[in-house]
Amino acid sequence: MDLKELRKEIDEIDTQLVTLYEKRMKISEEVAKYKINTGKPVFDKERENAKLDWVKSQVHSEFTKHGIEELFLQIMSMSRKLQYQLLNKNGIQDKTSFRLIDTIENKKDKKVIFQGVPGSYSQIAMLEYFGEDVDNYGVETFKDAMETIKNQAADYAVLPIENSSAGIVNMSYDLLVEYDNYIVGEHILRIDQALLATKDAKIEDIKTVYSHPQGLMQCAKYLDQHRDWKQISLQNTAASALKVREDQDKTQAAIASIKAAETYDLQVLQEAINFSDTNSTRFMVVSHEPIFTIKADKVSVCFEVAHESGTLYNALAHFIYNGINMTKIESRPLEGRPWEYRFFVDFEGNLNDGSVQNALMGLKAETIDLRILGNYKKYEE
Ligand SMILES: O=C(O)C(=O)C[C@]1(C(=O)O)C=C[C@@H](O)C=C1
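What counts as what
Residues numbered from 1 in each chain as written. Predicted model: local features only at pLDDT ≥ 70, side-chain atom pairs only at ≥ 80, totals over all residues. Pairing = 2+ DSSP bridges. Helix = DSSP H or I, 4+ residues; strand = E, 2+ residues; numbered from the N terminus. Axes fitted to C-alpha atoms, helices over the stretch in contact; angles between N-to-C directions. Buried ≥ 20, exposed ≤ 12 C-beta atoms within 10 Å, placed from the backbone. UniProt positions renumbered as here; feature names shortened; annotations may be inferred. Arc of directions from axis to C-beta. Left-handed = near helix turned anticlockwise from the far one by under 90°. Contact = placed C-beta atoms within 7 Å. Nonpolar A, V, L, I, M, F, W, Y, C, P; charged D, E, K, R; others polar. Parallel < 35°, antiparallel > 145°, perpendicular 65-115°, else oblique. Near = placed C-beta within 6 Å.

Undergrad: So what about the sheet that holds strand β10 (residues 252–256)? Which residues, and what values?
TA: Strand order in the open sheet formed by 5 strands is β9-β8-β10-β7-β11, and the pairing between neighbours is mixed. Each of the sheet's edge strands pairs with one partner strand only, and the pair in question is β9 (230–233) and β11 (267–270). Taken pair by pair, the neighbouring strands of this sheet meet at an average axis angle of 35°, ignoring direction. Pairing of strand β8 (residues 208–211) with β10, which is carried by 3 bridges, proceeds in the parallel orientation. Within the sheet, the bridge partner assigned to Thr208 lies in β10 and is Gln252.

Below you can see the structure in the form of structure tokens.
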């Protein structure tokens, strides 16, 4: 047979497949109506597994068993998506506990905390976001910040979540899971690390350099040129500046902000020592209240998936099939369960959008412990 004839045969089979697919989806619509009336969940894992076993038993080679399984996974996934859409149209939404408010821009009269001492990047980010005259104070650890917000002793906390050169701040991710606090805003700060020392110090005097591990990492190339310097990690960059000031030892230096040099009356021995000239840190603004505004255009969620082939793929399919743009995915190890992970996903949208509600409904049914971490306005310069 020539190619033309073979393609004609394929076209005939495809015509049947398309007709059958449409017919199947129409029945899925009827199933959705039944489920709307009875409250039965859309996702029926047992039924899907039985179906997959059966279709595999109908074909012969390993290769076609795998292919038919893939095909039916996709078909049933589309069928579920259609059903979630219909449920959503009928006003059956997963009630998120999020409350729509007019604005969080009313930042006056709010008490805001940051982690660290004055002069820290967190404080600078906080002042840029909330304004110079906001009522604020520093707490010692990230956990203290989350705890203070939980107890409502302050309204908002500003914590770093990611640096453009050194990557995510693990602690912030883990604390978002541990606490029922929510992201209500974000701010990006350009980070220019400087080498600070006492007023009488010269570069040749330096023997020890203090900073936050991220500060040391961001300046790795510069520190490589001074291999004889001992590197010591401290709680944060500004705390390193404070140490140098308190010790008044000209062999010590700190990697911190220029603002920290002003705050602690130190000398800037060298400016801009970070290796990336676009070095910046993204901070999150956290509140105890699950609130969002109509202007919010970014959603952060996290979830676990069963340790089975295809589960993450199927979960992420809810973004694709709802036309949602996923902007980030991260994973963090699960405590006590080696080599298992919790996934953190950021995507564009508002909790009021039908497509977002639809995706969340699907995700909730098909993942484990889905948490909506926040819906907030994306940072814009
Ligand atoms: O049988 C059902 O309950 C359906 O909703 C149909 C269907 C399918 O398309 O085959 C879709 C979703 C369920 O998870 C199981 C099966």
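After presenting the structure, the write-up continues.
Undergrad: Report on the pairing of strand β14 (residues 298–304), specifying residues and quantitative values.
TA: Of all 7 residues in β14, 6 are buried; the element is thus mostly enclosed. Pairing between β14 and strand β16 (residues 337–348): 7 bridges, direction antiparallel. Bridging across to β16, Val299 finds its partner in Phe347. Pairing of β14 with strand β17 (residues 368–376) involves 6 bridges; the strand directions are antiparallel. Looking at the pairing, Val301 lines up with Ile372 of β17.

Undergrad: Residue-level account of the UniProt feature "domain: ACT" (unreviewed entry) in the protein chain, with values.
TA: Those places that UniProt annotates as "domain: ACT" (unreviewed entry) correspond, in this numbering, to residues 300–377. In this annotation, residues 300–377 is assigned 29% helix and 45% strand; the end-to-end C-alpha distance for the span is 11 Å.

Undergrad: Got a sec to walk through helix α5 (residues 142–150)? Specific residues and values, please.
TA: For α5, the complete set of buried residues consists of Phe142, Ala145, Met146 and Ile149. Looking straight down α5, one finds its buried side chains confined to an arc of 95°; they lie on one side. Taken from the residues just after α5, Gln152 is the one with a positive phi, measuring 55°.

Undergrad: Any details on the packing of helix α2 (residues 45–57) against helix α3 (residues 62–89)? Residues and values, ideally.
TA: Where α2 meets α3, the closest approach of the two axes is 9 Å, and the angle between their N-to-C directions is 145°. The crossing of α2 and α3 is right-handed. Where α2 abuts α3, its residues Glu48, Lys51, Leu52, Val55 and Lys56 lie against Lys65, Ile68, Glu69, Phe72 and Met76. Each residue belonging to the contact of α2 with α3 can be placed in one class, and the counts come to 5 nonpolar, no polar and 5 charged.

Undergrad: A description of the environment of Thr251 should follow, citing residues and the corresponding values.
TA: For Thr251, the location among the structural elements is in the loop between α9 (237–247) and β10. Residues Thr251 and Thr198, spaced 53 residues apart in sequence, show a C-alpha to C-alpha distance of 8.7 Å. Setting aside chain neighbours within four positions, we find Thr251 in contact with Asp205, Ile206, Lys207 and Thr208.

Undergrad: Account for the packing of helix α1 (residues 3–38) against α3, naming residues and giving values.
TA: Remark: α1 packs on α3, axes separated minimally by 9 Å, with the N-to-C direction vectors making an angle of 45°. Between α1 and α3, the angle is such that the two are oblique. The two elements α1 and α3 cross, and the hand of that crossing is right-handed. Here α1 contributes Met25, Ser28, Glu29, Val31, Ala32, Lys35 and Ile36 to the contact with α3, which in turn contributes Ser79, Leu82, Gln83, Leu86 and Leu87. Residues belonging to the contact of α1 with α3 are distributed by class as follows: 7 nonpolar, 3 polar and 2 charged.

Undergrad: Provide a residue-level description of the UniProt feature "domain: Chorismate mutase" (unreviewed entry) in the protein chain, including the pertinent values.
TA: Using the residue numbers shown here, the UniProt feature "domain: Chorismate mutase" (unreviewed entry) corresponds to residues 1–87. Here residues 1–87 runs as 86% helix and 0% strand, with 49 Å between its end C-alpha atoms.

Undergrad: I'd like to hear about the site of the ligand, residue by residue, with values.
TA: What surrounds the ligand is the set Ser28, Val31, Val42, Phe43, Asp44, Arg47, Glu48, Lys51, Met76, Ser79 and Arg80. Looking at side-chain class alone, the shell around the ligand contains 4 nonpolar, 2 polar and 5 charged residues.

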